[in-house]
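What the coordinates show
So the chains spell out like this:
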Amino acid sequence: MAALRRSISRFISHSNAKNGAAQLVLSRGITSKLFVKGLSFSTTEKLLTDAFSQFGKVVEVKVIRNKDGTRSKGYGYVTFSAIDEAQNALIDMNGKLLDGRIIYVDSVRPSGVYDTPKVRGPSKSEADG
DNA sequence: GTTGAGCGTT
């Protein structure tokens, strides 16, 4: 049983978010988090949540704004509690009209969430030798 | 100064 858990944890991991909401990460590049662009500048987190909740449990929503927090940059992130929820939302919401704009949904770009070890350059002793 | 490609925080 421990072996089973070990093999599973090789493929499923959780990224830590501020509110403790975990982003599901399955294997390589498949996550429960979505990248949403083309948002109206008036689209808020609440509106995003309302629109995406029909596909599952939304655990985190973020609209990226400028420094002052005044102007939306027109894109954001939606994280679901499960990967299949995110997949369905992507398929269904991509190209849909939201708040008067056609929005585009994509999987989130890979970032250091994977279990791939970081590549190091040669150590100083190696470089000198 | 208000405009339209894009991957940010904690």
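Residues numbered from 1 in each chain as written. Chains lettered and ligands numbered in written order. Predicted model: local features only at pLDDT ≥ 70, side-chain atom pairs only at ≥ 80, totals over all residues. Heavy atoms only, no water.

In the annotation of an unreviewed UniProt entry, chain A is listed under the name RRM domain-containing protein and assigned to Xanthoceras sorbifolium.

So, about the overall build of chain A. Of the regular secondary structure elements, chain A holds four helices and nine strands. Put simply, 58% of the contacts in chain A that link residues at least 6 apart link residues at least 24 apart. With an accessible surface of roughly 8,800 Å², chain A has 53% of that area assigned to carbon and sulfur atoms. (Helix = DSSP H or I, 4+ residues; strand = E, 2+ residues; numbered from the N terminus. Contact = heavy atoms within 4.5 Å. Areas by Shrake-Rupley, 256 points an atom, 1.4 Å probe, with all protein chains shown as cover.)

Taken residue by residue, helix H3 (residues 83-93) has Ile 83, Glu 85, Ala 86, Ala 89, Leu 90 and Met 93 as its buried positions. Along the axis of H3, the buried residues cluster in a sector spanning 155°; they form a single face. With its phi angle positive at about 85°, Gly 95 sits one or two positions after the end of H3. (Buried < 20%, exposed > 50% of the residue type's maximum accessible area, 1.4 Å probe, protein only. Arc of directions from axis to C-beta.)

A few words on helix H2 (residues 45-52). Since one α-helical turn is 3.6 residues long, residues separated by three or four positions face the same way. Of all the positions in H2, only Leu 48, Ala 51 and Phe 52 are classed as buried. Projected onto a plane normal to the axis of H2, the buried residues spread over an arc of 90° and lie on a single side. Packed against the buried residues of H2 are strand S4 (33-37), strand S5 (58-65), strand S6 (72-80), H3, strand S7 (97-98) and strand S9 (104-107). Of the residues that open H2, the one with a side-chain oxygen 3.0 Å from the backbone nitrogen of Lys 46 is Thr 44. (Polar contact = N/O pair within 3.5 Å; in protein donor to acceptor, adjacent residues only side chain to side chain.)

What follows concerns the sheet that holds S5. Within a beta sheet, neighbouring strands are joined by backbone hydrogen bonds and run either parallel or antiparallel to one another. Strand order across the open sheet formed by four strands is S5-S6-S4-S9, with antiparallel pairing between neighbours. Edge strands, defined here as strands with exactly one partner in the open sheet, are S5 and S9. Pairs of neighbouring strands in the sheet enclose a mean axial angle of 25°, with direction left out of account. Packing against the sheet, H2 makes contact with S4, S5, S6 and S9, and its axis sits at approximately 140° to S5. Across the face of the sheet, H3 comes into contact with S4, S6 and S9 while running at roughly 145° to S9. (Pairing = 2+ DSSP bridges. Axes fitted to C-alpha atoms, helices over the stretch in contact; angles between N-to-C directions.)

Moving on to the UniProt feature "domain: RRM" (unreviewed entry) in chain A. In the UniProt entry, the feature "domain: RRM" (unreviewed entry) is given for residues 32-110. Across residues 32-110 one finds 24% helix and 38% strand; the C-alpha atoms that close the span lie 12 Å apart. (UniProt positions renumbered as here; feature names shortened; annotations may be inferred.)

Glancing now at the pattern of salt bridges. Counted according to the given criterion, the structure contains three salt bridges. Put simply, Glu 45 and Arg 65 hold a salt bridge, and the shortest N to O gap is 2.6 Å. Residue Glu 45 is found in helix H2, and its partner Arg 65 is found in strand S5; the two are separated by 20 residues along the sequence. Given the relative accessible area of 22%, Glu 45 is considered partly exposed. Look at Arg 65 and you get partly exposed, because its relative accessible area is 31%. Residues Asp 92 and Lys 96 are paired through a salt bridge, measuring 3.1 Å at the closest nitrogen-oxygen approach. (Salt bridge = Lys/Arg side-chain N within 4 Å of Asp/Glu carboxyl O.)

This part covers a nonpolar patch on the surface. On the surface, a nonpolar cluster with roughly 310 Å² of combined accessible area is contributed by Leu 97, Ile 102 and Tyr 104. As for its placement among the helices and strands, Tyr 104 is situated in strand S9. The class for Tyr 104 is partly exposed, based on a relative accessible area of 42%. (Patch = residues over 30% accessible without salt bridge, like charges linked within 9 Å, V, L, I, M, F, W, Y side chains within 5 Å.)

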